[in-house]
Amino acid sequence: MIFNLDDMVKLRRLGVCGILSGTLPTAAQQNMFLSIPLNLMVEETIWLVLNGHAELQLLQGPMAGQVSTVLETRGEELYKVAREKLLKSFDLQRQYKKEQHELKLQKLGIDPTRDDNSANSKLIESSLFVETQNDSLILPYYSQEKLRVDPTMNIMLLNLLVSNYSNWNNYLLYQSLKSQNYVMSPGGRFGGLFIAYPGDPLRYHSHLTIGSALDYYTEPIDFISLTSGARLGTAVKKLWVIGGVKDDKYASSEGDATNAILEMKTPDNLLTKRNNTSFFSIEWAGFG
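Please read all numbers here as calculations on a predicted model, not as lab measurements. (Residues numbered from 1 in each chain as written. Predicted model: local features only at pLDDT ≥ 70, side-chain atom pairs only at ≥ 80, totals over all residues. Heavy atoms only, no water.)

1. Quick word on the overall build of the chain
(1) Moving on: Across its full length, the chain carries nine helices and seven strands.
(2) Moving on: Taken over 288 residues, the chain has a buried fraction of 33%.
(3) Moving on: When contacts within the chain are restricted to residue pairs at least 6 apart in sequence, long-range pairs at least 24 apart make up 68% of them.
(4) Moving on: Within the structure as shown, the chain displays about 18,500 Å² of accessible surface, and the carbon and sulfur contribution to it stands at 55%. (Helix = DSSP H or I, 4+ residues; strand = E, 2+ residues; numbered from the N terminus. Buried < 20%, exposed > 50% of the residue type's maximum accessible area, 1.4 Å probe, protein only. Contact = heavy atoms within 4.5 Å. Areas by Shrake-Rupley, 256 points an atom, 1.4 Å probe, with all protein chains shown as cover.)

2. Regarding the packing of helix α2 (residues 42-50) against helix α7 (residues 168-179)
(1) Moving on: The contact between α2 and α7 brings their axes to 10 Å, and the two run at 65°. Regarding the angle of α2 to α7, the classification is roughly perpendicular. The interaxial crossing formed by α2 with α7 has right-handed handedness. Contact residues: Glu43, Glu44, Ile46, Trp47 and Leu50 in α2; Trp168, Asn170, Tyr171, Tyr174 and Lys178 in α7. (Axes fitted to C-alpha atoms, helices over the stretch in contact; angles between N-to-C directions. Parallel < 35°, antiparallel > 145°, perpendicular 65-115°, else oblique. Left-handed = near helix turned anticlockwise from the far one by under 90°.)

3. Looking at a nonpolar patch on the surface
(1) Moving on: There is a patch of nonpolar side chains on the surface, built from Tyr216, Tyr217 and Phe280 and spanning about 330 Å² of accessible area.
(2) Moving on: Topologically, Tyr217 is positioned in the loop between β5 (208-210) and α8 (223-235).
(3) Moving on: Taking the relative accessible area as the measure of exposure, Tyr217 reaches 54% and is therefore exposed. (Patch = residues over 30% accessible without salt bridge, like charges linked within 9 Å, V, L, I, M, F, W, Y side chains within 5 Å. Salt bridge = Lys/Arg side-chain N within 4 Å of Asp/Glu carboxyl O.)

Right under this line is the structure:
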């Protein structure tokens, strides 16, 4: 999960968009109105780490207990920081609302200096709102004291992530499409593993629905799945795509993928440069 807006902007520039999931329990919203945190797919997380754009960190124990410790030791300091931000926000709101009110009076031909300032001040004060911060005030203090970037730990956590990942070939499909500048999102609502956009999803409709990776050499292509996928793709105006990995040197088992990552020293490892996936697009011809 990503909670920092600046990090979200950086990720979007890299073609990693994730899925916004934040909302209020009593005010459920449609997808377009959801807010932070941003959920990343496993494939997106692995790609970011392998390509040197992110690092995995381990929290020492339950987060609630760690936060309580920070509050006990830094509670007064955090209170002062939060209060200062709140007062600054109020000052900016007052100034903005006062300027807007004066502009309205000028448009109506009324001299702002002759206006009842006391009444306006009461209205302005009643309209001030408390802004909920997007970033945690506690986490930076916790990070300074508890979190340290350890390259060995980063590799071990990546190993753990991959070892619990169901199908490494799915990641290789993701990686291959990503290298072709496609932007991927979860494809469950369109009957696939991913849906692929030719650019930022805010600018383009998705063009492809990609199914789960097939074992390129041994797994047969079921004819019923083939026709149903093609017809579904036509119904939702997307091209149905299936793919597999030709060379199973690293993808033959979880252990091979894990070992390859454990041997990785830099993002330029051979694993990140593989491009031996193969894709086939299926389209319903419209007869029958």
